[in-house]
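Okay, here's what each chain looks like letter by letter:
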Amino acid sequence: MSGWPILSTITFLPLLGVAFLLLVRGDAATVARNSRLVALWTSIVTFALALVLIGSFDISNPGYQFVENVPWLPEFGISYHLGVDGISLFFVALTTFLTPICIIASWESIQNRVREYMVAFLVMQVLVVGVFCALDFVMFYIFFEGQLIPMFLIIGVWGGERRVYSAFKFFLYTLVGSVLFLIAILYMYLQVGTTDIPTITAHEFTRETQIWLWLALFASFAVKMPMWPFHTWLPDAHVEAPTAGSVILAGILLKMGGYGFIRFSLPMLPEASDFFTPFMFTLSVVAIIYTSLVALMQEDMKKLIAYSSVAHMGIVTLGIFTFTQQGIEGGIFQMLSHGIISAALFLCVGVVYDRVHTRQIAAYGGLVHRMPIYAVVFLVFTLASVGLPSTSGFVGEFLAMVGAFTANTWVATTAMIGIILGAAYMLWLYRRVIFGELTKENLKSITDLNWREIGVFAPLIALALFLGIYPKPVLDVLHASAAHLMTQTQLARVVSPEALELAGQVPKIAATR
Amino acid sequence: MGLVVAAVFLPLIGAAIAGLFGRVLGQRVAPLVTVVAMGLSATFSVLTFVAVTLYGNTGKVELFDWIGSGTFQASWAFRFDELTGVMMFVVTVVSFLVHVYSIGYMAHDAHKPRFFAYLSLFTFFMMALITADNLLQLYFGWEGVGLASYLLIGFWYKRPSANAAAIKAFVVNRVGDFGFGLGILAIYLTFGSIEYDVVFAKAPEMVGKTFYFLFGEIDILEVSCILLFIGAMGKSAQFLLHTWLPDAMEGPTPVSALIHAATMVTAGVFMVARFSPVFEYAPTALSVVTFFGATTAIFAATIALTQNDIKRVIAYSTCSQLGYMFFACGVSAYQAGIFHLTTHAFFKALLFLGAGSVIHAMSDEQDMRRMGGIWKLIPLTYALMWIGNLALAGLPFFSGFFSKDMILESAFAAHTGLGEYAFWLGIIAAGLTALYSWRLLIMTFHGKPRADHHTMEHVHESPWVMTVPLMLLAAGAIVSGYLLLPMIGEHGGLFGNSILVLEHNNALEAAHHSPFWVKALPTMMAVLGIAAAYFLYMARPDLPAKIAKAIRPLYLFSYNKWYFDELYDFLFVGPAKYLGYSLWKRGDGGLIDGIGPDGIAGAAKAIALRAVRLQTGYLYHYAFAMLVGVALIVTWFLFASSP
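Given the structure is predicted, the values throughout are model-derived calculations rather than measurements. (Residues numbered from 1 in each chain as written. Chains lettered and ligands numbered in written order. Predicted model: local features only at pLDDT ≥ 70, side-chain atom pairs only at ≥ 80, totals over all residues. Heavy atoms only, no water.)

### Notes on the overall build of chain A
Right, so step 1: Counting its secondary structure elements, chain A contains 21 helices and 2 strands.
Right, so step 2: At 22 Å, chain A has a C-alpha radius of gyration in line with the 24 Å of a compact globule built from 513 residues.
Right, so step 3: In terms of principal-axis extent, the alpha carbons of chain A reach across some 65 × 65 × 40 Å.
Right, so step 4: Buried residues in chain A amount to 66% of all 513 residues.
Right, so step 5: Looking at chain A alone, contacts between residues at least 24 apart form 81% of all its contacts between residues at least 6 apart. (Helix = DSSP H or I, 4+ residues; strand = E, 2+ residues; numbered from the N terminus. Rg over C-alpha atoms; globule rule 2.2 N^0.38 Å. Buried < 20%, exposed > 50% of the residue type's maximum accessible area, 1.4 Å probe, protein only. Contact = heavy atoms within 4.5 Å.)

Printed below as a string of structure tokens:
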């Protein structure tokens, strides 16, 4: 690519903002005000750069683009290697899109240690974007683990009452998985002699090695995702995290697990992925049904949405492990869409939490009387979460289902039950919060969305609808990379006729009776 | 053809204007905007109907790609053929009349812009549904009307019952969509496409082919059709998935007329007719359709007999009439099914709006036990209700007569076991229909006034914005039969190639040759039903209570709607809640956290405590430990180094 290292710029630009933040001087109010502005402008400029990135992306090229490859520690085969392909491009975009939204959403709700808060968010953005751009395992691991620190701080410092328990649970849970991931990386490094991701991807491991490596990677990604039964940290973390923390957590951090499966497990360890497919299907389907049922009975709004996230992530893993074009694209699309919708839902909770300071569903009711705009916004995202056609939630879910049905009709059928439950728990939540008589005293003076909040939600609504009605721009970017991933996966797999059939997308039709 | 696109999108534009700028435009202007948009849409639809059915101008308009991935392709496209034309006509005309009526009916409501926005939004989704050119867009419209129905049932959001009914409608429909969704997937997997033309063209090749579904190799066409029909059962409130429709009466009455009688609930029938080129090759699926249709026809009629809420009676009647339409499709008389759909749209909308007029007159009273003796006070509504009921009961010269007879004759002429089943149940249901219809008329309008003095003083005829649409619908309830009959019968080609009937399935053709008693029986049953109603509720009003007492279990069974709500609560709602709660508390809280994070943390703490105890602080403990250590090391070295 041409001289300008756009990926490094996007990744590290927020650090410039951090430097400015550290230089801010003055009394507390001035520091807070300036910190907000600096953080906001930094994130907006970064987002603009990400738009440039999308604009100059070549959708016909399935490989990595905007590649930067500089030897770092050449004697160890470690290099500074960045690049994006169709799979990672929109994750970078999503991250840079959600960060300014988080900053605006925290404008008033965060009043203490504003500067540190903004630093944490900008550092987090650097690390997350780094994860999606890194093409070297050492870099990837540093970014991947590094984001635990700002998130740990965001929950632990600006969180709710039980924030310390949740922060530690979050940290240790993810760390345990990551240790195994580190061992896997070390092993691969010893085998291949480099930590370069494309090189390792091209390396063929023996079947047995693949299975052990796959399990190590699974430990890390399944916790991040989170997959059932490694999900229990998520509701706790969400409940205690400040609103913007939940937004980043649900919107982006969860996607790292799915991204890991797509980037590493599938192309590097195709035989093991094939071997573990029934296992993944089982966990996914259990996750969809189990967490949907649990979500039905939640009394805390954030917990409910957290559990629904686990169910939605179940659809993602389901789609990815079908090894079909629709399934993989559906899985990725579902992650992007969930990044928008769940982020918005957590923001919706944040709006009323800022006003009433409780997340208990029972503490609300009849909000539509005082907050009609809020009711509309909440409704849009409720429906998007339910997967109503013409919202982005539908596209990913449906494509994943197409893949699932191609792979295994049982899996698809059972997963569809989750879609019924999804409608039940979301609409019930909506009804209990928004509809009914407004009887509670403390709600009688509640105010509707202000302009800042409308500004936060407007782009999210626009995106959720746009991607639902015209998802082509995103899907087109995914096509080449997803197809490439499938060939990588299938060439290396001990190809069964069945798999070949799937690859060619030839419908399986048995002979005439 | 731009007309179709305009007809589809005008309601959406109206909805958007009224919904987004309702407060700016105000209570008067916002509804007017939607009415005007709807009027234009109806005009264009009628023009389309004429162009399509009389001049054969069928075609497609493709807007842009929707979802594309690999070989899966779906686009936003509009198809207009004869079937679509008829549906567009019915939907927009009824919708327009309901819009106009609502200006009067909702006059005192503070949320008029919202109401009209929802109504128009509904119409848009319904139009998207009927003009869809692929299964996914059909699904879009399908879910969209479900959403509009949800919003309108819960329109009076202060009422807990309305909110519960709204959720119930959405979730029960989702149960149907479970089948519909799987049906789409099955068709894509086996046909390789979800575009109508491709699927229809390929259906004959698929006969006898199987694919692996759940338990084993199953016939492609049968499975796909049955799965699609499950979706239709949900939307059209057929037996087992009907429970949401009566509760949906919580919505304002114009909504019941438009959505829960004339249009949305008939989407299932439309879907089966639309997929006639596939269903025709799936005899088992057609049998399933016939069975459920016929069962619903009689089942809902038995419940309607004992309900006291005027709207619920009509709701169960709708359920029952939808059953007729389905079994018509089941015996391959799709044309008869759509014919009945059309006539039913007029007379049932008339009945609902008429009921609305009564409710309006009675100061929002819906219980027929607190009505009576008002026919002289609201004679116009009374007359119009008569017309609606005559059409519903299928008395000669009214539209229902033609369509219902055509259905019953076709069922008879099908000469299959299930055809017979449908025919006889349909005949009995025809008698019951007349019985509950005149029970409704008599209880509502005749006898001594049972309302309180205050209410009776206020009884008044509705304003013209409400009565004019009623009169137009009444006109439709009379003439639609005469107009359509010649176009549907033996030589009529109203539906052109949009509906496929195989040669050996032609029950509709054979229906003309059915014996006289078959043609006369439905009418006789209707007359009998009216006579029975007159005897029971007019001549001997003391009898019904006595009968109810004599066959109390049966009465309660009907009155409690065959206990379906209780059954489903017991089977699904309760267990789901119980499971959710115990998975949460015991699964997540007890098992996963107990063994996982909290368990490990606990274990680490326990081990640490023991390690702590080793640090006693006594010098001699440490000295002793050191001594043991030295001894061990020395021993190890000695043994290790010795050869």
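### Brief notes about the packing of aromatic side chains
Right, so step 1: Going through the model one piece at a time under the given rule, you end up with 100 aromatic pairs over all chains.
Right, so step 2: Judged by centre distance (5.7 Å) and plane angle (70°), the rings of Tyr150(B) and Phe170(B) are edge-to-face. Linking Tyr150(B) in helix H4 (residues 135-153) with Phe170(B) in helix H5 (residues 160-191), this pair joins segments that are 20 residues apart in sequence. For the pair Tyr150(B) and Phe170(B), one class covers both residues: buried.
Right, so step 3: A centroid spacing of 5.6 Å and a plane angle of 15° characterise the contact between Phe291(B) and Tyr421(B), whose relative ring orientation is stacked. Highlighted residues: Phe291(B) in helix H12 (residues 283-304) and Tyr421(B) in helix H17 (residues 417-445), separated in sequence by 130 residues.
Right, so step 4: The cationic tip of Lys224(A) hangs over the ring face of Phe144(A); the distance from NZ or CZ to the ring centre is 3.9 Å.
Right, so step 5: A cation over an aromatic ring shows up here: Arg432(A) above the ring of Trp428(A), its NZ or CZ 3.9 Å from the ring centre. (Phe/Tyr/Trp six-rings, centres within 6.5 Å; stacked < 30°, edge-to-face > 60°. Lys NZ or Arg CZ within 6 Å of the ring centre and 35° of its normal.)

### A short note on the interface of chain B and chain A
Right, so step 1: In this complex, chain B contributes 63 residues to the contact, which on the side of chain A involves 70 residues.
Right, so step 2: Between chain B and chain A, a total of about 5800 Å² is buried, with carbon and sulfur atoms accounting for 72% of that surface.
Right, so step 3: The tally of links from chain B across to chain A stands at 1 salt bridge.
Right, so step 4: The interface formed by chain B and chain A contains 15 residue pairs in polar contact (both at pLDDT 80 or more).
Right, so step 5: Sorting the residues of the side of chain B that touches chain A by element identifies strand E1 (59-69), strand E2 (72-80), H4, H5, strand E3 (210-213), strand E4 (216-219), helix H24 (564-595) and helix H25 (597-614) of chain B as the ones contributing at least two each. (Buried area = accessible area lost by both parts, 1.4 Å probe. Salt bridge = Lys/Arg side-chain N within 4 Å of Asp/Glu carboxyl O. Polar contact = N/O pair within 3.5 Å; in protein donor to acceptor, adjacent residues only side chain to side chain.)

### Here we look at unusual backbone geometry
Right, so step 1: Met225(A) connects to Pro226(A) through a cis peptide bond whose omega is -15°.
Right, so step 2: On the secondary structure map, Pro226(A) appears in the loop between helix H9 (207-224) and helix H10 (233-240).
Right, so step 3: A cis amide bond, omega 5°, links Trp228(A) with the succeeding residue Pro229(A).
Right, so step 4: As for its placement among the helices and strands, Pro229(A) is situated in the loop between H9 and H10.
Right, so step 5: Even without being a glycine, His415(B) presents a positive backbone phi close to 55°.
Right, so step 6: Mapped onto the elements of the fold, His415(B) is located in the loop between helix H16 (399-413) and H17.
Right, so step 7: Despite not being glycine, Trp562(B) has its phi angle at roughly 60°, a positive value.
Right, so step 8: The residue Trp562(B) is located in the loop between helix H23 (552-559) and H24 in this model.
Right, so step 9: According to the relative accessible area criterion, Trp562(B) is partly exposed, its value standing at 27%.

### Some details on H17(B)
Right, so step 1: For H17(B), with 29 residues, the first-to-last C-alpha span of 42 Å sits near the 42 Å given by 1.5 Å per residue.
Right, so step 2: Among the 29 residues that make up H17(B), 23 are buried, leaving the element largely enclosed by the rest of the structure. (Expected span 1.5 Å × (residues − 1).)

### Some points on the environment of Leu463(A)
Residue and element names in this part refer to chain A.
Right, so step 1: For Leu463, the position within the fold is in helix H19 (residues 451-469).
Right, so step 2: Overall, Leu463 belongs to the partly exposed group, its relative accessible area being 26%.
Right, so step 3: Along the primary structure Leu463 and Ile361 are separated by 102 residues, whereas in three dimensions their C-alpha atoms are 27 Å apart.
Right, so step 4: Sequence-distant contacts of Leu463, that is, excluding residues within four places in its chain, are made with Phe97 and Ile340.

### Points about H12(B)
Right, so step 1: With 22 residues, H12(B) extends 32 Å between its outermost C-alpha atoms, agreeing within 8% with the 32 Å of an ideal straight helix rising 1.5 Å per residue.
Right, so step 2: Counting buried positions over the 22 residues of H12(B) gives 16, a clear majority of the element.

### Considerations on the packing of H5(B) against helix H7 (residues 220-235) of chain B
All names here are of chain B.
Right, so step 1: Two elements in contact, H5 and H7, have axes whose closest approach is 7 Å; the angle formed by their N-to-C orientations is 155°. As summarised for this structure, H5 and H7 are arranged roughly antiparallel, according to the angle between their axes. The handedness of the crossing between H5 and H7 comes out as left-handed.
Right, so step 2: Of the residues contributing to the contact of H5 with H7, the split by class is 12 nonpolar, 8 polar and 2 charged. (Axes fitted to C-alpha atoms, helices over the stretch in contact; angles between N-to-C directions. Parallel < 35°, antiparallel > 145°, perpendicular 65-115°, else oblique. Left-handed = near helix turned anticlockwise from the far one by under 90°. Nonpolar A, V, L, I, M, F, W, Y, C, P; charged D, E, K, R; others polar.)

### Here we look at the packing of helix H9 (residues 253-262) of chain B against helix H14 (residues 334-361) of chain B
All names here are of chain B.
Right, so step 1: At a minimum axis separation of 8 Å, H9 and H14 run at an interaxial angle of 160°. The orientation of H9 relative to H14 falls into the category roughly antiparallel. The hand of the H9/H14 crossing is right-handed. Contact with H9, carried on its side by Thr253, Pro254, Ser256, Ala257, His260, Ala261 and Ala262, involves His344, Ala345, Lys348, Ala349, Phe352, Leu353, Gly356 and Ile359 of H14 and no other residues of that element.

### Quick notes on the environment of Pro198(A)
Residues and elements named next belong to chain A.
Right, so step 1: Inspection of the secondary structure puts Pro198 in helix H8 (residues 197-202).
Right, so step 2: Overall, the relative accessible area of 26% leaves Pro198 in the partly exposed class.
Right, so step 3: Sequence separation between Pro198 and Val349 is 151 residues, and the spatial gap between their C-alpha atoms is 41 Å.
Right, so step 4: Residues in contact with Pro198, not counting those within four places in the same chain, are Tyr64, His81 and Leu135.

### So, the confidence of the model for chain B
Right, so step 1: Predicted confidence across chain B gives a mean pLDDT of 90, with 99% of residues reaching 70 or more.
Right, so step 2: This prediction of the complex comes with two scores: 0.91 for pTM and 0.90 for ipTM. (pLDDT = per-residue confidence, 0-100.)

### Focus: the pattern of salt bridges
Right, so step 1: With the rule as written, the count across this model stands at 24 salt bridges over all chains.
Right, so step 2: Across the pair Glu441(A) and Lys444(A) runs a salt bridge whose closest N-O atoms are separated by 3.3 Å.
Right, so step 3: Through salt bridges with shared partners, a single ionic network connects Lys60(B), Arg79(B), Asp81(B), Asp133(B), Asp197(B) and Arg274(B).

### Considering the pairing of E2(B)
Residues and elements named next belong to chain B.
Right, so step 1: In terms of burial, E2 is largely enclosed, as 8 of its 9 residues are buried.
Right, so step 2: Where E1 meets E2, 9 bridges bridge the pair, whose relative direction is antiparallel. Across the sheet, Ile67 pairs through a bridge with Ala74, a residue of E2.
Right, so step 3: Between E1 and E2, which pair antiparallel one after the other, the connecting turn spans 2 residues, and Gly70 there sits at a positive phi close to 60°. (Pairing = 2+ DSSP bridges.)

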